[in-house]
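# Understanding the architecture of this molecule
Chain by chain, the residues run as shown.
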Amino acid sequence: MIKDKICFKRDELVICIPVFNSNETESFILDMNFSTGFFIRFQTALEEYHGDIHELEKMDILKNIAVDILNLDRSKNITILDIENKFNNYSTLYFLFVKCAEQAQKIMPEDLFSVPDIQLKQSNEISLAEQKVNEIDKDIEFMESVTLLMENTNSSYEDIMKMPFTVFQATLKHFKIGRLMQNKEWREAYFKEKYKEELKKHNQELNEKPEKKIKPNIDKLKRLGVFING
């Protein structure tokens, strides 16, 4: 079961955008709980925008991704012609771009969705799930991830693209950990690491609140101890 609460948090952005060459504005209620498809398209646009390209090309990127951004309001049907005729303003488009970049960072905290980096002393082989994003080709990693979910769920490629990206990441994390848990050596190393984290957390709480008596979570430590010793 997925217990990452952030996956189900509703997040909306209400904005009023000035219509180009007019005194009017148009309101949008953007669903900021990005789908997987939108997140991938936005990340691609973000990388292209910050690449070594001409300013005119940057404007084209802002216009194209603005279509996707404004259609996060489910009641709208924005096209590239709407952008050209009504919102063809760099400041407006860049504002939308920055707001989505901020949200992209917020919904994907690395420590929540990353698979624990457990190094095995006697193994030089590193699985795909254990490799960091910047060490492998991102497109290959993404398609491997989509394939993994398609093989283990009843979801089609289209279903996954519509899935909230946080749900995609959390589900993927659980499947990857489940696969790695089949390796006894990795499983034992994982529980030892979790045990160390609990002890470290408890010691930090003692140091931060010396005046208050803190009762350690003995049951949790015992359970982890059973996995380590058993």
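Up top is the structure these notes are about.
What this report covers is the structure whose coordinates are included nearby. Given the structure is predicted, the values throughout are model-derived calculations rather than measurements.

### Description of the overall build of the chain
- For the chain, the count of helices and strands is 10 helices and two strands.
- Listing the helices and strands of the chain from first to last along the sequence gives β-β-α-α-α-α-α-α-α-α-α-α.
- Relative to its full complement of 230 residues, the chain shows a buried share of 36%.
- Restricting the contact set of the chain to residue pairs at least 6 apart, pairs at least 24 apart contribute 66%.

### What about the packing of helix 1 (residues 36-49) against helix 4 (residues 90-106)?
- Two elements in contact, helix 1 and helix 4, have axes separated by 11 Å at closest approach and are oriented at 120°. Of the possible angle classes, the one that applies to helix 1 and helix 4 is oblique. Crossing of helix 1 over helix 4 shows left-handed handedness. The residues of helix 4 that touch helix 1, namely those facing Phe 38, Phe 39, Phe 42, Gln 43, Ala 45, Leu 46 and Tyr 49, are Tyr 90, Tyr 94, Phe 97, Cys 100, Ala 101 and Ala 104.
- Tallied by class, the residues present in the contact of helix 1 with helix 4 amount to 12 nonpolar, one polar and no charged.

### Some words on helix 1
- Counted at 1.5 Å a residue, the expected span for helix 1 with its 14 residues is 20 Å, and the 20 Å between its end C-alpha atoms agrees.
- Among all positions of helix 1, only Thr 36, Gly 37, Phe 38, Phe 39, Phe 42, Ala 45 and Tyr 49 are buried.

### Thoughts on the packing of helix 1 against helix 2 (residues 55-70)
- Running from amino to carboxyl end, helix 1 crosses helix 2 at an angle of 165°, the nearest separation of the two axes being 10 Å. On the basis of their axis angle, the class for helix 1 and helix 2 is roughly antiparallel. For the pair helix 1 and helix 2, the crossing hand works out as left-handed. Counted together, Phe 38, Arg 41, Phe 42, Ala 45, Glu 48 and Tyr 49 of helix 1 and Lys 58, Ile 61, Leu 62, Ile 65, Asp 68 and Ile 69 of helix 2 form the full contact between these two elements.
- Here the contact of helix 1 with helix 2 is built from residues that sort into eight nonpolar, no polar and four charged.

### A look at the environment of Asn 183
- Note on placement: Asn 183 falls in the loop between helix 8 (165-180) and helix 9 (184-208).
- Note on Asn 183: relative accessible area 36%, which makes it partly exposed.
- At 2.9 Å, the side chain of Asn 183 and the backbone nitrogen of Glu 185 are in polar contact.

### Description of a nonpolar patch on the surface
- Taken together, the side chains of Met 143, Met 150 and Tyr 157 make up a nonpolar region of the molecular surface, amounting to roughly 250 Å² of accessible area.
- For Met 150, the position within the fold is in helix 6 (residues 138-152).
- With a relative accessible area of 36%, Met 150 lands in the partly exposed category.

### A few points about the pairing of strand 1 (residues 12-18)
- Pairing between strand 1 and strand 2 (residues 25-31): seven bridges, direction antiparallel. Counterpart to Cys 16 in the pairing with strand 2 is Ser 27.
- Turn length for the strand 1-strand 2 hairpin, with the two strands adjacent in sequence and antiparallel, is six residues, and the turn residue Asn 21 shows positive phi of about 55°.

### Observations regarding the nonpolar core
- One finds Phe 34 and Phe 168 to be the most contacted residues of the largest nonpolar core, which totals 41 residues.
- For this core, the secondary-structure elements that each account for two or more residues are strand 1, strand 2, helix 1, helix 2, helix 4, helix 6, helix 7 (157-162) and helix 8.
- The element contributing the most residues to this core is helix 2, with eight residues.
- Aside from chain neighbours lying at most four places away, what touches Phe 168 is Thr 36, Phe 142, Ser 145, Val 146, Leu 149, Ile 160 and Met 163.
- In this structure, Met 181, Trp 186, Tyr 190 and Phe 191 belong to the second largest nonpolar core, which totals six residues.

### Quick notes on the side chain of Lys 58
- Within the secondary structure, Lys 58 is located in helix 2.
- For the buried residue Lys 58, which engages in no salt bridge, the nearest side chain bearing the opposite charge is Glu 55, 4.1 Å off.
- Not counting chain neighbours up to four residues away, the residues in contact with Lys 58 comprise Tyr 49, Gly 51 and Ile 53.

What counts, and at which threshold
- Residues numbered from 1 in each chain as written.
- Predicted model: local features only at pLDDT ≥ 70, side-chain atom pairs only at ≥ 80, totals over all residues.
- Heavy atoms only, no water.
- Helix = DSSP H or I, 4+ residues; strand = E, 2+ residues; numbered from the N terminus.
- Buried < 20%, exposed > 50% of the residue type's maximum accessible area, 1.4 Å probe, protein only.
- Contact = heavy atoms within 4.5 Å.
- Axes fitted to C-alpha atoms, helices over the stretch in contact; angles between N-to-C directions.
- Parallel < 35°, antiparallel > 145°, perpendicular 65-115°, else oblique.
- Left-handed = near helix turned anticlockwise from the far one by under 90°.
- Nonpolar A, V, L, I, M, F, W, Y, C, P; charged D, E, K, R; others polar.
- Expected span 1.5 Å × (residues − 1).
- Polar contact = N/O pair within 3.5 Å; in protein donor to acceptor, adjacent residues only side chain to side chain.
- Patch = residues over 30% accessible without salt bridge, like charges linked within 9 Å, V, L, I, M, F, W, Y side chains within 5 Å.
- Areas by Shrake-Rupley, 256 points an atom, 1.4 Å probe, with all protein chains shown as cover.
- Salt bridge = Lys/Arg side-chain N within 4 Å of Asp/Glu carboxyl O.
- Pairing = 2+ DSSP bridges.
- Core = buried A, V, L, I, M, F, W, Y, C linked by side-chain atoms within 4.5 Å.
- Lys, Arg positive; Asp, Glu negative; His and termini not counted.

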